[in-house]
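Each chain, written out:
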Amino acid sequence: PGKTIRCIGCHMPLTTRPLVEGGEPVSVRMHLWRGGHDPQQVRQAVKFDLEMKGQGGGAGEARLTLTNTGADHYLPTGTPDRYLSVTFKLQKGGATIKEKTFALKRTIMWRPFIIDLWDTRLRKNKPQSYKFNWPKDVGEQRILRVTVRYHLLAEARRQRINYQNKKPISYIIFQRRENIGASGRPNYF
């Protein structure tokens, strides 16, 4: 309220170039409309904060907090097909022993008219946290992989509409690998 959102400030970056051949260079906007198809643009819009806590008995917890600090709208935005996924994957000896994925998306009902059912996307400057706990294990060292992906289109929908994409329909915007010692406590390197 009371603010003017200037979309072009983010989506159409400034450049200096002549408007006509041989003309004087001036400051103008590039007509790119950078957004969801530009991984760098999306990465710049999100702040990632990963906290690791070792607990007694070899157990532990990871908490990833995402904050939309760079987009003056929900993230992702555009078509309702776009979403973010946060995946925690605990591995031991190369095998996945526990995995959990969260989806940040807008869910709508299309017919008989469009109704928003729920929305878990990132709002501007409203941190959202996702937790993952790992069990006690006094054996060999484990690895926790934390990945955030931006999805332009869900794979099931891509198949349903027979979309033959030439570029990937999702990409990684954050990835971290943490070693968890045999005691369950994170080993930082």
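**What to know about unusual backbone geometry**
Here the amide bond leading from L75 into P76 is cis, since omega sits at -5°, within 30 degrees of zero. Secondary-structure assignment places P76 in the loop between β4 (60-68) and β5 (83-92). Residue P112 follows R111 across a cis peptide bond; omega there is 10°. Along the chain, the position of P112 falls in the loop between β6 (95-109) and β7 (115-119). Positive phi, normally seen in glycine, also occurs at N125, with a value near 60°.

**Describing the pairing of strand β1 (residues 14-18)**
Across five bridges, the pairing between β1 and strand β2 (residues 25-29) is antiparallel. Within β2, the position partnered with T16 by the bridge is S27. Between the end of β1 and the start of β2, which pair antiparallel, lie six residues, with G22 showing a positive phi angle near 85°.

**With respect to the environment of T16**
Here T16 shows up in strand β1. Distance from T16 to L152, taken between C-alpha atoms, is 31 Å for residues 136 residues apart in sequence. Other than its neighbours up to four places away in sequence, T16 contacts P25, V26 and S27.

**Notes on the nonpolar core**
Core analysis: the largest hydrophobic core is formed by 29 residues, its most contacted members being L64, L66, V86, F88, W134 and L144. For this core, the secondary structure elements donating two or more residues are α2 (39-45), β3 (46-54), β4, β5, β6, β8 (128-134), β9 (142-151) and β10 (170-180). Every residue in contact with L144, bar those within four places of it in the chain, is listed here: M52, A62, F88, K89, L90, F132, W134, R176, R177, E178 and I180.

**Let's talk about a nonpolar patch on the surface**
Taken together, the side chains of L19, V20 and V26 present a nonpolar region at the surface, about 270 Å² in accessible area. Topologically, V26 is positioned in strand β2.

**Some remarks on the packing of aromatic side chains**
Any two aromatic rings considered together are summarised by their centre-to-centre distance and by the angle between their planes. This model, assessed by the stated rule, comprises five aromatic pairs. A ring pair is formed by F48 and F174, whose centres lie 4.7 Å apart and whose planes are at 15°; its orientation type is stacked. One end of the pair, F48, is in strand β3; the other, F174, is in strand β10, and 126 residues separate them in sequence. With centroids separated by 5.3 Å and ring planes inclined at 5°, the aromatic side chains of F88 and F132 adopt a geometry described as stacked.

**Notes on the side chain of R158**
Looking at where R158 falls in the secondary structure, it is placed in helix α3 (residues 155-160). Judged by its relative accessible area of 17%, R158 falls in the buried class. Here the side chain of R158 touches Y163 through a polar contact of 2.8 Å, landing on its backbone oxygen. The residues contacting R158, other than those within four sequence positions of it, are L153, Y163, N165 and I169.

Each value, and the rule that gives it
Residues numbered from 1 in each chain as written. Predicted model: local features only at pLDDT ≥ 70, side-chain atom pairs only at ≥ 80, totals over all residues. Heavy atoms only, no water. Helix = DSSP H or I, 4+ residues; strand = E, 2+ residues; numbered from the N terminus. Pairing = 2+ DSSP bridges. Contact = heavy atoms within 4.5 Å. Core = buried A, V, L, I, M, F, W, Y, C linked by side-chain atoms within 4.5 Å. Buried < 20%, exposed > 50% of the residue type's maximum accessible area, 1.4 Å probe, protein only. Patch = residues over 30% accessible without salt bridge, like charges linked within 9 Å, V, L, I, M, F, W, Y side chains within 5 Å. Areas by Shrake-Rupley, 256 points an atom, 1.4 Å probe, with all protein chains shown as cover. Salt bridge = Lys/Arg side-chain N within 4 Å of Asp/Glu carboxyl O. Phe/Tyr/Trp six-rings, centres within 6.5 Å; stacked < 30°, edge-to-face > 60°. Polar contact = N/O pair within 3.5 Å; in protein donor to acceptor, adjacent residues only side chain to side chain.

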